[in-house]
Amino acid sequence: MSTTLTVDFFCTVDGFGMTDGWPGYWGKEGPELIADRVATFEREQVLVFGATTFRQFRKFVTIFDEPYYGSLNRLPKIVFSHTLEEPLGWENSTVLAEDAVTAIERLKRTTDVPMRSHGSVELNRALLAAGLVDRVELMMFPVISGDAGRAALFHGGPEFDLDLVESTVLDGRTLKLVYAPHLHQHGEVPEGVGPKRRIAE
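Here we summarise the structure given alongside this text. These figures come from a predicted structure and were not determined experimentally.

Cut-offs applied
- Every chain begins its residue count from 1, and numbering advances along the sequence as written.
- Reporting in this predicted model follows two pLDDT cut-offs: at least 70 for local features of residues, and 80 or more for side-chain atom pairs to be given and counted; totals over whole chains, interfaces and linings ignore these cut-offs and use all residues.
- The basis for every side-chain value is the complete set of heavy atoms in the structure, and neither hydrogens nor water enter the calculation.
- Helix and strand labels come from DSSP, where a helix needs a run of H or I of at least four residues and a strand needs a run of E of at least two; each type is numbered from the N terminus.
- Both definitions apply: the radius of gyration is a C-alpha atom measure, and the globule rule equals 2.2 Å times residues to the power 0.38.
- Accessibility here uses a 1.4 Å probe with only protein chains present; expressed as a share of the type maximum, an area under 20% marks a residue as buried, one over 50% as exposed, and anything in between as partly exposed.
- The contact definition used throughout considers only heavy atoms, calling two residues in contact when any of these lie within 4.5 Å.
- In this analysis, strands are considered paired if DSSP registers two or more bridges between them.
- As a rule, the C-alpha atoms of each element are fitted with a line to give its axis, helices using only the stretch in contact, and angles between N-to-C directions run from 0 to 180 degrees.

Looking only at helices and strands, one finds five helices and 10 strands in the chain. For a compact globule of 201 residues, the expected C-alpha radius of gyration is about 17 Å, and the chain comes in at 18 Å, within 12% of that figure. For the chain, the spread of C-alpha atoms along the principal axes amounts to about 60 × 40 × 30 Å. Across the 201 residues in the chain, those meeting the buried criterion constitute 43%.

Take the environment of Leu 75 next. With respect to the element layout, Leu 75 can be found in the loop between α3 (69–74) and β4 (77–80). Overall, the relative accessible area of 0% leaves Leu 75 in the buried class. Leu 75 sits 36 residues away from Ala 39 along the chain, and the two C-alpha atoms are 13 Å apart. With sequence-adjacent residues up to four places away left out, Leu 75 is seen in contact with Phe 41, Arg 43, Glu 44, Gln 45, Leu 47 and Asn 92.

Moving on: the sheet that holds strand β9 (residues 160–170). A sheet is described by the order of its strands in space; here eight strands give the open sequence β5-β4-β3-β6-β1-β7-β10-β9, paired in mixed fashion. Bordering the open sheet on either side are β5 (93–96) and β9, each of which pairs with just one other strand. Ignoring which end each strand starts from, the neighbouring axes of this sheet average 25° apart. With four bridges joining them, β4 and β5 adopt parallel strand pairing. Bridged to Val 79 within β5 is Val 95. Helix α4 (residues 100–110) rests against β1 (5–12), β3 (46–50), β4, β5 and β6 (115–118) of the sheet, and its axis sits at about 150° to β4.

Our next topic: the pairing of strand β10 (residues 174–183). Across the 10 residues that make up β10, a large majority, seven, are buried. Here five bridges tie strand β7 (residues 135–141) to β10, and the two strands are oriented antiparallel to one another. Paired with Leu 138 across the bridge in β10 is Leu 177. Connecting the antiparallel pair β9 and β10 is a turn made up of three residues, with Asp 171 showing a positive phi of about 60°.

No statement about biological role is implied by the geometric values presented.
Here it is, written out as structure tokens:
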């Protein structure tokens, strides 16, 4: 018995998950993007959150009305936290006050329901570094956030080689990329491989 973990991350072209002063979805929401989210969360899976992202989503589903929020409510949810206590105020939610890497490694071996973690930068960075992530699903919006960017999942983390599994353009502008990540192993570059000359700085 085993299962998979997908890290699901919305970002700008320069890799930020949040941007000061911009609207939700960076103002690029469209019908194909929403339809993709509906299809994604209709699947049977367990949602995995860090405490901050869990609190944000718990608030979102009571204030806003996205078509996939009903599925978010229905699906089982795990939140890793040493401060939150049950009842958590969001149906089908369970708190685990233990090390997330250890718990996810155990759950991947002992369950067969796929897991998905959306947002939760610190949590997902740790899971990536531990080699526990089977898929990285990026929703890349046509925005460069520059100095306004916040919450960069991949900045300052480990290095990866990525195998492209799927690529889709949504609403003619937003790129959905699904990768299988592999921790990069440094080694000698074989002779004859790589750039012939250095590009002038």
